[in-house]
Amino acid sequence: MPRSRNKVGAQPGHTGHKRPLAELSDTDKIIECKPQACCSACHHHINVNEQCSRRHQVFDLPKVPLEIIEYQIFHGHCEYCNATYKGELPESAPKAK
Ligand SMILES: [Zn+2]
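Residues numbered from 1 in each chain as written. Predicted model: local features only at pLDDT ≥ 70, side-chain atom pairs only at ≥ 80, totals over all residues.

What follows deals with the sheet that holds strand 6 (residues 84–86). Taken in spatial order, the three strands line up as 2-5-6 in an open sheet, and their pairing is antiparallel. Across the chains shown, the open sheet's two edge strands, defined by having one partner strand only, are strand 2 (46–48) and strand 6. For this sheet, the mean inter-axis angle between neighbouring strands, taken without regard to orientation, is 30°. Judged from the three bridges that link them, strand 2 and strand 5 (residues 75–78) form a sheet pairing that is antiparallel. Bridge assignment links Ile46 to a residue of strand 5, and that residue is Cys78. (Pairing = 2+ DSSP bridges. Helix = DSSP H or I, 4+ residues; strand = E, 2+ residues; numbered from the N terminus. Axes fitted to C-alpha atoms, helices over the stretch in contact; angles between N-to-C directions.)

Here it is as structure tokens:
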């Protein structure tokens with residue numbers, strides 16, 4: 001599907017509104033947020049899930065006309081004690097309202 005360049009609705013720079021998630025093919029950048037590599041409790045390896053658990057999309061306007069960055073947050077669990085871990089959004093990621 002070709003990406004629409006039409007301006008609809010929100011004013012430039014106004015990112016506070018909820019939007020439906022964009023199709024992956026429309027996303028300019030995908031940042032995978034994986035959990036830590038080792039379990040804090042027993043230091044065994046964290047098996048990261050193949051599917052991301054949460055998708056956090058940021059619609060930003062740094063470039064013409066619109067850049068979509070998708071942060072994919074993955075959950076995982078320790079292969080030994082099954083403790084669960086999750087990736088975090090980087091500090092630089094704008095938070096959704
Ligand atoms: Zn563990």
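Okay, the pairing of strand 4 (residues 67–73) next. Here strand 1 (residues 29–33) pairs with strand 4 via five bridges, running parallel. Note on strand 4: the bridge partner recorded for Ile30 is Glu70. Where strand 3 (residues 54–60) and strand 4 come together, seven bridges link them in antiparallel fashion. By the bridge assignment for strand 4, Gln57 is matched with Glu70.

Among the structural elements, Pro20 can be located in the segment before strand 1. Assessed through the 6 C-beta atoms surrounding it within 10 Å, Pro20 is described here as exposed. Along the chain, Pro20 and Gln57 lie 37 residues apart, while their C-alpha atoms are 9.3 Å from each other. (Buried ≥ 20, exposed ≤ 12 C-beta atoms within 10 Å, placed from the backbone.)

The phi dihedral of His43 falls on the positive side, at around 65°, and the residue is not glycine. Here His43 shows up in the loop between strand 1 and strand 2. Although it is not a glycine, Asn82 sits at a positive phi angle of roughly 70°. As for its position among the elements, Asn82 is in the loop between strand 5 and strand 6.

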